[in-house]
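# Structural overview for review
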Amino acid sequence: MSAVTVRAAAKINLHLGVGRPRPDGFHPLVTVFHAVSLYDDVTVTPADDWQVTTHAAGHVDGAALPDAGDNIVDRAAAALARHHARPVTGRVEVHKSIPVAGGMAGGSADAAAALVALDRVWDLGTSDDDLLALAAELGSDVPFSLVGGTALGEGRGELLTPVADDGSWWWVVVRAAGDGLSTPAVYRRYDELRPDASPEPAPAGVPLAALETRDPELLANALHNDLQAAAVDLRPDLADTIATGEAAGALRGLVSGSGPTCVFLARDADHAREVAGELRDGHPTVLVAHGPVAGAHVVTVEAG
Ligand code: C5P
């Protein structure tokens, strides 16, 4: 028996088109997911009991972590175990570097990593289709955390089509100080601000074409987030953060997903480090990341 560590990446939405809510309450999306190089690691060690321990990196707000037993990792384990009619066992360590409640799918990354790690430790050999279906039950962003890279997301975000993305895009990630934003609260505010929203989300043709050019100036112009106005309405300081990053030379800044993390596209790695240096003055958490990167994958298997 061995301990298995699986790594899963944060995501940025290069495009987030949001339609009027469906009868089930979810919003129809047309989104372009993009996995970037901020990672959570999930290590599972075989055991007879079940225990999840979470460790937060220095820049991650440990106080915002969910209570034990109330974690998406517990739900991922329960769903996989139910699927195979087996008990939930193992010692799980979650090492978090992705900002919590930040709009970067950190919880979804943990769920995806847990599915892959438990599948290995429990020796289940679950098919990709079944893993994707379990992931979709856990949350709209979890299937993308499994797949990674760059992908078109439709439905409520769970229906994925991989996108060829041969560019190398450099981002500055700024976690706003203070509390995170709750995704349902941002969607509710979106509904209040956009009662006339079309049932059809804004299409993603422009950003998909920009990705093909590998030209950061063109991608910068194509970035789009329908949730940005709602996130800024709930957290007006985000407008200042975006303005500061753009004044520092970023090609474009926008709110990541439902926020409050803001992301800035830079020309290249050096430019990203330069912009990050300028933003560090007023913001406690400023990170540099690149994309696209892989979805949830095994990084180590230790003999136990
Ligand atoms: O799927 P997930 O658990 O991540 O969704 C969290 C919440 O975000 C949902 O309960 C819903 O309020 C909102 N949401 C939505 N439309 C989506 C995705 C999420 O309204 N497409």
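What counts, and at which threshold
Residues numbered from 1 in each chain as written. Predicted model: local features only at pLDDT ≥ 70, side-chain atom pairs only at ≥ 80, totals over all residues. Heavy atoms only, no water. Helix = DSSP H or I, 4+ residues; strand = E, 2+ residues; numbered from the N terminus. Rg over C-alpha atoms; globule rule 2.2 N^0.38 Å. Buried < 20%, exposed > 50% of the residue type's maximum accessible area, 1.4 Å probe, protein only. Contact = heavy atoms within 4.5 Å. Areas by Shrake-Rupley, 256 points an atom, 1.4 Å probe, with all protein chains shown as cover. Near = heavy atom within 4 Å. Polar contact = N/O pair within 3.5 Å; in protein donor to acceptor, adjacent residues only side chain to side chain. Nonpolar A, V, L, I, M, F, W, Y, C, P; charged D, E, K, R; others polar. Domains from an automatic or database assignment. Patch = residues over 30% accessible without salt bridge, like charges linked within 9 Å, V, L, I, M, F, W, Y side chains within 5 Å. Salt bridge = Lys/Arg side-chain N within 4 Å of Asp/Glu carboxyl O. Lys, Arg positive; Asp, Glu negative; His and termini not counted. Charge placed at Lys NZ, Arg CZ, Asp CG, Glu CD. Pairing = 2+ DSSP bridges. Buried area = accessible area lost by both parts, 1.4 Å probe.

### Structural notes on the overall build of the protein
Along the protein, the regular secondary structure elements total ten helices and twelve strands. The globule rule puts the C-alpha radius of gyration for 304 residues at 19 Å, and the 19 Å found for the protein is close to it. Within the span of the protein, comprising 304 residues, buried residues form 53% of the whole. Restricting to contacts in the protein with at least 6 residues of sequence separation, those with at least 24 account for 78%. As presented, the protein carries roughly 12,700 Å² of accessible surface, and 50% of it is formed by carbon and sulfur atoms.

### Notes on the site of the ligand
Lining the immediate surroundings of the ligand are Gly-25, Phe-26, His-27, Leu-29, Gly-139, Ser-140, Arg-156, Thr-183, Pro-184 and Tyr-187. In this structure, a nitrogen atom belonging to the ligand sits 3.1 Å away from a main-chain N or O atom of Arg-156. Calculation on the ligand without its partners gives an accessible area of 450 Å², and the protein chains cover 72% of this total. Of the residues that constitute the shell around the ligand, the class distribution is four nonpolar, five polar and one charged. A domain split of the shell around the ligand shows at least three residues from each of domain 1 (3-164 + 298-302) and domain 2 (169-291).

### Considering a negative patch on the surface
A surface patch of like charges, here negative, comprises Asp-268, Glu-274, Glu-278 and Asp-281. Within the secondary structure, Glu-278 sits in helix 10 (residues 269-279).

### Description of the pairing of strand 9 (residues 252-255)
The two faces of a sheet get side chains in turn, since along a regular strand they alternate between them. Pairing between strand 9 and strand 10 (residues 262-266): four bridges, direction antiparallel. In the sheet register, Arg-252 faces strand 10, and the bridge partner there is Leu-265.

### Some words on the environment of Pro-199
Structurally, the position occupied by Pro-199 is in the loop between helix 5 (183-193) and helix 6 (205-213). What makes Pro-199 partly exposed here is its relative accessible area of 44%. In this view, Pro-199 contacts Gly-19, Arg-20 and Pro-28; residues no more than four positions away in its chain are not counted.

### Describing the domain arrangement of the protein
Split by domain assignment, the protein resolves into domain 1 (3-164 + 298-302) and domain 2 (169-291). Summarising the inter-unit geometry, the C-alpha centres of domain 1 and domain 2 are found 22 Å apart. Counting residues at the interface gives 31 residues for domain 1, matched by 38 residues for domain 2. When the two sides are added together, the surface that domain 1 and domain 2 hide from each other amounts to roughly 2,900 Å², 64% of it contributed by carbon and sulfur. Summed over the shared surface of domain 1 and domain 2, the result is zero salt bridges. Our enumeration of links across domain 1 and domain 2 arrives at 16 residue pairs in polar contact (both at pLDDT 80 or more). At the level of secondary structure, the elements contributing two or more residues to the side of domain 1 that touches domain 2 comprise strand 1 (2-18), strand 2 (29-45) and strand 5 (150-154). Partitioning the side of domain 1 that touches domain 2 into residue classes produces 18 nonpolar, eleven polar and two charged.

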